Amino acid sequence: MKELLSARESVNQWMQRYGVRFGVYKNGVFNEQLFPFDAIPRRIPAQEWQMLESGLIQRVKALNAFLYDIYHEKNIVKDGVVPKEFTYESKGYMPECEGITPAEDVYAHIAGIDLVQAKDGNWLILEDNLRIPSGASYPMIARMVTRKASPQTFRDNLIEDNRNYGDMLREMMDFINGGRGINVIFTPGRYNSAFFEHSYLAEKTGATLAFPGDLVVEGGKLYYKGLNAKSRVGAIYRRVSDEYLDPLAFEPSSLLGIPNLMEAYRAGEVGVINALGNGVADDKGIYYFVPKMVEYYLNEKPILHNAPTYLPFFKDDFDYILANIEKLVIKDVAEAGGYGVMFGKDMSPEKIEQVRKLIVEDPRRWIAQEVVDFIDLDIIDESGKPSPRKCDLRAFVITGRETKVWKSGLTRFSRNPDSFVVNSSQGGGFKDTWVMA
């Protein structure tokens, strides 16, 4: 382990050489930067992982059942479990997807579930990401580089091998493809914040990396335009947001999209990964209801629980939030990437009053959560010494023929010792996640 820690600078140099970067748009300017890696791994004992694995599989199965239901019979709304205001009024709900049954009935093929571990040892779900969850490539390449930098560390520790993520993706894509054609990963291009990941996953899955203009729908089928001939596409792992994916169905000004893709998708001529319309299930407002979905669809008690959450949509929660803003976290349901998150303890009296007014004006737009004092993990700070930082975990759940959890994950940490926000877009770094065998 000492060998690995002493090699941390060379590991980050390798990361830079491999182009392990992410991009951020700020004030209309694209800035690309290294995603800082910390060599002290997060360790998750085997028994603890088994519990997490069971809970994550259960949750994603319920979310897939919800997505099918909400675009078909809508029984969960009819039965009063989820209010219609949190489905049809969600920005992620897409009426264009009504009645569409995706290939093999799977909506969330790749789910990124964000968790934290409280200081009492309990794991809590913070967020479900079912549209375009990113981040798996970073622990993949980190493990590859650290194994080279310190092979003895991996001989001395019984760690689950995480090098199978590409195989898991390929197996799922082949299942969704159904033999119709080739698999492609569709990237918006070089200036997307996660372009490194798009190209890396294409390499690891053997899929074709397709750019805007490379794909065309003809005769109701999707094709990739190669140098010499067109190849039919059976499954498209799209890294382009729903609203830009087909200019004839959604945003007409989109230059990224594939005209008539919805026609091919609706006809079952191509599998789209993840399915369109998934945003209705990872809205921060709908998050409140996921434990109820587990009971409703699976007739089971949730294994993993949400962080304590309040919806101002409900009168009792509304009153509690307005009376306790100072000790809560307020989140804008429309934001992501660590944006739109406000800690009451950090607000001035004027800001608190402003937020109160916003909640009163539009209760559906907000949720509030208790501040979870989640555990600190040591990182090596700028002085070269161990220093505690807040960390979360993004677990990746793959659903194809069956639902599986990748035995790894993206552990993100805050580089600011006083911050709870760990997102890369907010300046965070990442660690390898060791699932112990």
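All of these numbers come straight from a predicted model, not from anything done at the bench.

Caption draft 1: Representation of the overall build of the protein. Assigned secondary structure in the protein consists of 13 helices and 21 strands. Relative to a compact globule of 437 residues, whose C-alpha radius of gyration would be 22 Å, the protein shows 22 Å and is just as compact. Judged by the C-alpha coordinates and their principal axes, the protein covers about 60 × 55 × 45 Å. Here the protein, with 437 residues, has 55% of them falling under the buried criterion. Sequence separation of 24 or more characterises 69% of the internal contacts of the protein that already satisfy a separation of 6 or more. About 18,700 Å² of surface is accessible on the protein, with carbon and sulfur atoms providing 48% of the total.

Caption draft 2: The sheet that holds strand 15 (residues 341-343), seen in detail. Taken together, four strands build an open sheet; the order of strands is 13-16-14-15 and the sheet is antiparallel. If you trace the sheet from one side to the other, it starts and ends with strand 13 (309-310) and strand 15, each paired once.

Caption draft 3: Structural detail: the nonpolar core. The biggest cluster of nonpolar side chains holds 72 residues, and the ones touching the most others in it are Leu215 and Ile236. If you tally residues by element for this core, the top one is helix 3 (residues 46-70), at 10 residues. Those residues in contact with Ile236 that sit more than four places away from it in its chain are Val184, Phe186, Leu215, Leu222, Ile258, Val270, Gly271, Val272 and Ile273. Core analysis: the second largest hydrophobic core is formed by 43 residues, Phe35, Ala39, Phe195 and Tyr200 among them.

Caption draft 4: Spatial organisation of the pattern of salt bridges. Tallying each qualifying case throughout the model produces 29 salt bridges. Measuring nitrogen to oxygen at the nearest pair gives 2.7 Å for the salt bridge that ties Glu98 to Lys74. One end of the pair, Glu98, is in the loop between helix 4 (75-78) and strand 4 (110-117); the other, Lys74, is in the loop between helix 3 and helix 4, and 24 residues separate them in sequence. We classify Glu98 as partly exposed; its relative accessible area is 23%. For Asp332, the salt bridge is made with Arg365, and the minimal N-O distance between the two is 2.9 Å. A residue pair is termed long-range when its members are at least 10 positions apart, and Asp332 in strand 14 (residues 328-332) and Arg365 in the loop between helix 13 (349-361) and strand 16 (366-370) qualify at 33 residues. On the basis of relative accessibility, which here comes to 34%, the residue Arg365 falls in the partly exposed class. Taken together, the salt bridges that share partners define one network made up of Asp114, Asp392, Arg394 and Arg412.

Caption draft 5: Summary view of helix 8 (residues 195-205). Of all 11 residues that make up helix 8, eight are buried, and the element is covered over most of its length. For helix 8, the complete set of buried residues consists of Phe195, Phe196, Glu197, His198, Tyr200, Leu201, Ala202 and Thr205.

Caption draft 6: Layout of unusual backbone geometry. With an omega dihedral of -15°, the bond running from Ile273 to Asn274 counts as a cis peptide bond. By the secondary structure assignment, Asn274 is in the loop between strand 11 (271-273) and helix 10 (279-282). Its identity as a non-glycine residue notwithstanding, Lys74 has a phi of 65°, on the positive side. In this structure, Asp105 takes a positive phi of about 65° despite not being glycine. Turning to its location among the elements, Asp105 is positioned in the loop between helix 4 and strand 4.

Caption draft 7: How the structure looks around the environment of Lys84. Within the element layout of this structure, Lys84 appears in the loop between helix 4 and strand 4. In this structure the C-alpha to C-alpha distance between Lys84 and Thr309, which are 225 residues apart in sequence, comes to 19 Å. For Lys84, the residues in contact, after removing those within four places along its chain, are Val77 and Glu89. At 3.4 Å, the side chain of Lys84 and the side chain of Glu85 are in polar contact.

How each quantity is defined
- Residues numbered from 1 in each chain as written.
- Predicted model: local features only at pLDDT ≥ 70, side-chain atom pairs only at ≥ 80, totals over all residues.
- Heavy atoms only, no water.
- Helix = DSSP H or I, 4+ residues; strand = E, 2+ residues; numbered from the N terminus.
- Rg over C-alpha atoms; globule rule 2.2 N^0.38 Å.
- Buried < 20%, exposed > 50% of the residue type's maximum accessible area, 1.4 Å probe, protein only.
- Contact = heavy atoms within 4.5 Å.
- Areas by Shrake-Rupley, 256 points an atom, 1.4 Å probe, with all protein chains shown as cover.
- Pairing = 2+ DSSP bridges.
- Core = buried A, V, L, I, M, F, W, Y, C linked by side-chain atoms within 4.5 Å.
- Salt bridge = Lys/Arg side-chain N within 4 Å of Asp/Glu carboxyl O.
- Polar contact = N/O pair within 3.5 Å; in protein donor to acceptor, adjacent residues only side chain to side chain.

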